[in-house]
Amino acid sequence: QVQLVESGGGLVQAGGSLRLSCAASGFTFGSYAMGWYRQAPGKERELVAAISSGGSTLYTGSVKGRFTISRDNAKNTVLLQMNSLKPEDTAVYYCAKDRTRGHTGQADYWGQGTQVTVSS
């Protein structure tokens, strides 16, 4: 069965950095796009960054230049490096598997989420 397990969340001061990791299993990892989403209290879940099976990336505007998504197909892992964190980045971050090779934004499996809290 498909499993996505996130790690790396925590509490950090504004301007700091965190790296989120997602360990995937149960499917042919290299054949699917992967994404990181987040949901802040009282807000809808939003796509933060995505990476296709071929390695092309996209980011939501508020994180461009600060966050970097990458994948290691040998280790079935997708990473999200978050720099220059802001209090508005505070949210639960979810790893998700896309339905196809490209980043369609249509996830079919989700991790359990990891909390990121940025203090001012």
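Each chain has its residues counted from 1, running along the sequence as written. Per-residue local features of the predicted model are confined to residues with pLDDT of at least 70, and side-chain atom pairs are confined, for both listing and counting, to 80 or more; whole-chain, interface and lining totals are unaffected and use all residues. Excluding hydrogens and water, the side-chain figures rest on all heavy atoms present in the structure.

Caption draft 1: Layout of the environment of Ser 70. Within the fold, Ser 70 resides in strand 7 (residues 67-72). Along the sequence, Ser 70 and Gly 9 sit 61 residues apart, while their C-alpha atoms lie 17 Å from each other. We call two residues in contact whenever any of their non-hydrogen atoms come within 4.5 Å of each other. Setting aside anything within four residues of it in sequence, one finds Ser 70 in contact with Ile 51, Thr 77, Val 78 and Leu 79. Secondary structure elements follow DSSP: runs of H or I no shorter than four residues count as helices, runs of E no shorter than two count as strands, and numbering proceeds from the N terminus.

Caption draft 2: Summary view of the state of the cysteines. A pair of sulfur atoms, both from cysteines and within 2.5 Å, is called a disulfide here. In the structure shown here, the tally under the stated rule is one disulfide. The disulfide that involves Cys 22 links it to Cys 95, with 2.1 Å between the sulfurs. Disulfide Cys 22-Cys 95: torsion about the S-S bond near -75°, hence left-handed. Residue Cys 22 is located in strand 3 (residues 18-25), and its partner Cys 95 is located in strand 9 (residues 91-98); the two are separated by 73 residues in the primary sequence. The pair formed by Cys 22 and Cys 95 is uniform in burial state, with each residue classed as buried. Three exposure classes are used, based on accessible area relative to the maximum for each residue type with a 1.4 Å probe and protein chains only: buried under 20%, partly exposed in between, and exposed over 50%.

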